[in-house]
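Now for the letters of each chain:
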Number of protein chains: 2
Amino acid sequence: MARIDAWGSKAVTVDARLIKQFGLSTFTDAQKKPFDNRFFTRGLVIAHRDFARIAKAIKEKKPFLQMTGIATSGPLHLGHKVDIDLFEYFRSLGAKSHFGVCDIDGYVSRPDNKVPSLEKAQDYAVQTVQHLLALGVPEECIYVQSKKEPRYYTFAFELSKKITENTFKAIYGHLDLGKLSANLLQYADILHGQLPEYDGPMPSLTSIGIEQDPHARAARDLVRRLPYNMVLPSFLFFKHQSGLKEGSKMSASEPDTAIFLTDSEKDVRRKIDRAFSGGRTSVEEHRRLGGDPDVDRAFEILLFHHPDDAFVADVKERYASGDMLTGELKTIVKEFLVDMLKEHQKRMEKYRKTAERIVHGA
Amino acid sequence: MARIDAWGSKAVTVDARLIKQFGLSTFTDAQKKPFDNRFFTRGLVIAHRDFARIAKAIKEKKPFLQMTGIATSGPLHLGHKVDIDLFEYFRSLGAKSHFGVCDIDGYVSRPDNKVPSLEKAQDYAVQTVQHLLALGVPEECIYVQSKKEPRYYTFAFELSKKITENTFKAIYGHLDLGKLSANLLQYADILHGQLPEYDGPMPSLTSIGIEQDPHARAARDLVRRLPYNMVLPSFLFFKHQSGLKEGSKMSASEPDTAIFLTDSEKDVRRKIDRAFSGGRTSVEEHRRLGGDPDVDRAFEILLFHHPDDAFVADVKERYASGDMLTGELKTIVKEFLVDMLKEHQKRMEKYRKTAERIVHGA
């Protein structure tokens, strides 16, 4: 009997197509081995550009940077928690870590009906900082885009000289000027840590969703044109968590597709009850054929967020074998989420004042 | 016999065509009357947008802003001195005055072979600040673009959301991303003084060359789209000083077309000797027909820069009547310039340290 690969997936994904199309590197088992973290052990990190440089720095205890950010254009959901958890993991491995709370980006890259003012983006920024602090990111690793020192902004403007209209159109297929500004800031976010006024040239890691690779390529292209002798930044691409409904993505604009970090217990229970399931149409069929964890949105939440590898593998096996019913799986997920979010929201509340100070000043 | 208009010009100028094409307002004598300054008395200020608002504020001693700037992409010449002199004039009339030393603009809007780095633009910025201080602009009225507070930069990025690719192309006919950034900063320079974090909404004056009107229109268009209740900024358009050679403009890239504020006595004498003249081919012809001050580049320097209206009117009349020969005119201009620049350069030198501090920090 073939051994079950606890972390394998039968689904032929969009990810596989994008990895090929973008020319990204995938991981060998040997490359993943030193990284004892669910993102690696469960195959949630699926591709990279130049990750070897980072692995080497970690192994040799050499300095390296970690530059990550979130545009503040809405409340954070579980998908955002992936960015933050990955950030915390590489920080624990010694990265000089900078997390950008991108309020200007959040405002300029979103339509007015979504983010009508910079002020609104800054309200979201306060919440985002609360989440970061509650998830363990130290204050000194957090910066707010609209509160940076002048060198950061002048650098963003410098970058505009090094990227042409054609490059931009080739990468993004459009030329919306607000988005262009947001992109200049994103490149600045990824690269400014290597300026002489900051930490200077060194390996640098940014973890992003795979569909963000055009930004990665643009940032690497800029490094080749800039006079600062920067090291080409490395990128890690993580799998996206699906939306709770069939065929959906987690999206702040459709609240029932996502679990938000601020959701109430009632919301969580309702959303999980309604989430798309890999269970069968009848108990008999389920017992006979087993559930399909690869498409089950409740199981996916455990896969991305539950800390215990053995527990998650056990649930997967029992669900796939028909031993565990959909209702039982959903109960496990609901209890896990309700506990985690209650704890998180309690911590968040304690950081409100600090977050307001960080975003709005003393 | 017809009375000679001391300040009239026979030349049908590009200016007249642009005033019509851009739909600018021209001044009536009554409008100019309160402004006892060579720019008004000699017709050097040729058009405006909404200047009445400023005239009213001055008359009623109400607060108004003056926002002006120079991109630091080379050494300053006499043409730049016009900006600064006009700035000082309106400052003397009570404007809350802010002069931008635009180093980011100087770098991003010029090709690399002209300004290869932000550092180079900052070298020019030091010189520019020295000129400003030497011409009487107080330190507190000067700001350096790369040393502004975050609100200024976030505002420039905000503006990118309010201007569309089509507006931009319609106004400028092109879409160079470096120039786009420079333009966002220019709009921020013109408008940021009216933000609530600065002086708030009030009439605001910016003096520019007439070919810069597309920027004026874009800035006014942005005010209509922004949520800050700003007053539409007023613009004053001044005549451009010609280059020293026939058909040329004063240009830093062709040194012999311009008198630079740092030129040596020897340079000044050589350039004026070679400057395009309105004199006749022989002394006899000159005595008979008179010189043409309207095309004479040496005379134009007196017109733009000599402080004494009566003296300049007298020279014009004597030159036009044939009483004064080209050589005599050029001698007057050379002595005037050499004295003025020697004095200016001596003052400049005293401000070197201060200028370095302003541009590079303590």
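Residues numbered from 1 in each chain as written. Chains lettered and ligands numbered in written order. Predicted model: local features only at pLDDT ≥ 70, side-chain atom pairs only at ≥ 80, totals over all residues. Heavy atoms only, no water.

Some words on the interface of chain B and chain A
Note the cut-off: Only heavy atoms enter the contact rule, under which two residues are in contact if any of them lie within 4.5 Å. Buried surface area refers to the total accessible area, computed with a probe of radius 1.4 Å, that the two partners give up upon joining, counted for both partners together. Salt bridges are identified by distance alone: a Lys or Arg side-chain nitrogen within 4 Å of an Asp or Glu carboxyl oxygen. Going along the chain from the N terminus, every DSSP run of H or I of four or more residues is numbered as a helix, and every run of E of two or more is numbered as a strand.
Contact with chain B, which involves 33 residues of that partner, is made by 33 residues of chain A. Note on chain B versus chain A: buried area summed over both sides is about 2,700 Å², and carbon and sulfur give 68% of it. When the buried area of chain B at its contact with chain A is split by residue, B:Phe157, B:Lys161 and B:Leu177 rank highest and sum to 30% of it. Summed over the shared surface of chain B and chain A, the result is 4 salt bridges. Between A:Lys162 and B:Asp112 there is a salt bridge, with its nearest N and O atoms 3.1 Å apart. Of all the secondary-structure elements, those providing two or more residues to the side of chain B that touches chain A are α6 (103–108), α8 (150–162), α9 (165–172) and α10 (177–191) of chain B. Per-element accounting of the side of chain B that touches chain A gives the leading share, 10 residues, to α8(B).

Quick word on the relation of the copies chain B and chain A
Superposition of the two copies of the chain requires a rotation about an axis together with a shift along that axis. To keep things clear, this is the line we draw: Copies overlap after least-squares fitting; the atoms used are the C-alpha atoms of residues with pLDDT of at least 70 in both.
Structural alignment of chain B on chain A gives an RMSD of 0.0 Å, achieved by rotating through 180° and translating 0.0 Å along the axis. On this basis, the relationship between the two copies can be described by a two-fold rotation axis. Of the interface residues in chain B, 100% have counterparts in chain A that sit at the interface too, so the contact is made through matching surfaces.

Focus: the environment of B:Ser117
For B:Ser117, the position within the fold is in the loop between α6 and α7 (118–134). For the pair formed by B:Ser117 and B:Phe311, sequence separation is 194 residues and the distance between their alpha carbons is 45 Å.

Some points on the packing of helix α15 (residues 309–321) of chain B against helix α16 (residues 326–350) of chain B
Helix packing for two helices is described by the angle between their axes and how far apart those axes are. All names here are of chain B. The test is simple: Interaxial angles span 0 to 180 degrees and are taken between N-to-C directions of axes, which are lines fitted to C-alpha atoms, for helices over the stretch in contact. Note on terminology: angles under 35 degrees are roughly parallel, angles over 145 are roughly antiparallel, angles of 65 to 115 are roughly perpendicular, and the others are oblique. By convention, the crossing between two helices is left-handed when the near helix turns anticlockwise from the far helix through less than a right angle, and right-handed when the turn is clockwise. Gly counts as polar in this scheme, as do all residues outside two lists: the nonpolar Ala, Val, Leu, Ile, Met, Phe, Trp, Tyr, Cys and Pro, and the charged Asp, Glu, Lys and Arg.
Two elements in contact, α15 and α16, have axes whose closest approach is 10 Å; the angle formed by their N-to-C orientations is 160°. Between α15 and α16, the angle falls in the class roughly antiparallel. Judged by the sense of rotation from one axis to the other, the crossing of α15 with α16 is left-handed. Along the contact surface, α15 presents Phe-311, Val-315 and Tyr-319, while α16 presents Thr-326, Leu-329 and Ile-332. Classifying every residue of the contact of α15 with α16 by side-chain character gives 5 nonpolar, 1 polar and no charged.

Things to note about the pattern of salt bridges
Scanning all chains against the criterion turns up 64 salt bridges over all chains. The structure contains a network of salt bridges with shared partners spanning A:Asp256, A:Asp267, A:Arg270 and A:Arg274.

Regarding the pairing of strand β2 (residues 65–71) of chain A
Residue and element names in this part refer to chain A. Test applied: Think of it in three bands: residues with accessible area under 20% of the maximum for their type are buried, residues over 50% are exposed, and the middle band is partly exposed, with areas taken using a 1.4 Å probe on protein chains only. Here, a strand pair is defined by DSSP locating no fewer than two bridges between the strands. Consider the strands pointing away from the viewer: the crossover is right-handed when the path from the first strand over the helix to the second runs clockwise.
In terms of burial, β2 is largely enclosed, as 5 of its 7 residues are buried. Pairing geometry for β2 and strand β3 (residues 96–102), over 7 bridges, is parallel. By the bridge assignment, Met-67 is partnered in β3 with His-98. Running through helix α5 (residues 78–92), the crossover from β2 to the neighbouring parallel element β3 is right-handed. Judged from the 2 bridges that link them, β2 and strand β5 (residues 204–209) form a sheet pairing that is parallel.

Structural notes on the confidence of the model for chain A
Counted only if it meets this: pLDDT expresses how confident the predictor is about each individual residue, on a scale running from 0 to 100.
Scored by pLDDT, chain A has a mean of 91; 95% of the residues are at 70 or more. Interface confidence for the predicted complex, expressed as ipTM, amounts to 0.83; the pTM equals 0.87.

So, the packing of aromatic side chains
Keep this limit in mind: Only the six-membered ring of Trp is used, alongside the rings of Phe and Tyr, when aromatic pairs are assigned; centres must lie within 6.5 Å, and planes under 30 degrees apart are stacked while those over 60 apart are edge-to-face, with the rest tilted.
A full pass over the atoms with the stated rule returns 32 aromatic pairs over all chains. Residues A:Phe27 and A:Phe40 carry aromatic rings whose centres are separated by 5.7 Å and whose planes lie at 80° to one another, so their mutual orientation is edge-to-face. Within this pair, whereas A:Phe27 is found in the loop between α1 (14–22) and α2 (29–32), its partner A:Phe40 is found in helix α3 (residues 38–41), the two being separated by 13 residues in sequence. Pairing B:Phe27 with B:Phe51 gives two aromatic rings, centres 5.6 Å apart and planes at 75°, and the pair type is edge-to-face. Of this pair, B:Phe27 sits in the loop between α1 (14–22) and α2 (29–32) while B:Phe51 sits in helix α4 (residues 51–59), and the two are 24 residues apart along the sequence.

Description of the sheet that holds β5(A)
Across a sheet, paired strands are connected by hydrogen bonds in the backbone, their directions being either parallel or antiparallel. Residues and elements named next belong to chain A. Read from one edge of the open sheet, 6 strands run β1-β6-β5-β2-β3-β4, paired in mixed fashion. Two strands in the sheet have a free side with no partner beyond their single neighbour: β1 (45–49) and β4 (142–144). The average undirected angle you get between the axes of adjacent strands in this sheet is 25°. Across 5 bridges, β5 lies against strand β6 (residues 234–238) in parallel orientation. Residue Ser-207 lies in a different strand from β6, and its bridge partner there is Leu-236. Here helix α4 (residues 51–59) sits on the sheet in contact with β1, β5 and β6, set at roughly 105° to β6.

Some thoughts on α1(B)
Side chains that are three or four residues apart share a direction in an α-helix, a result of its 3.6 residues per turn. Residue and element names in this part refer to chain B. What counts here: When we speak of the arc, we mean the arc of directions from the helix axis to the C-beta atoms.
Buried residues of α1: Asp-15, Leu-18, Ile-19 and Phe-22, and no others. The arc that holds every buried residue of α1, seen down its axis, measures 105°, which confines them to one face. More than 90 degrees from the buried face of α1, the exposed residues found are Arg-17, Lys-20 and Gln-21. Gly-23 sits one or two residues past α1 and shows a positive phi near 70°.

As for the sheet that holds strand β4 (residues 142–144) of chain B
Residues and elements named next belong to chain B. With mixed pairing, 6 strands are arranged side by side in an open sheet as β1-β6-β5-β2-β3-β4. Each of the sheet's edge strands pairs with one partner strand only, and the pair in question is β1 (45–49) and β4. Averaged over all pairs of adjacent strands, the angle between strand axes in this sheet comes to 25°, irrespective of strand direction. The sheet contact formed by β1 and strand β6 (residues 234–238) spans 4 bridges and is antiparallel. Bridged to Val-45 within β6 is Phe-238.

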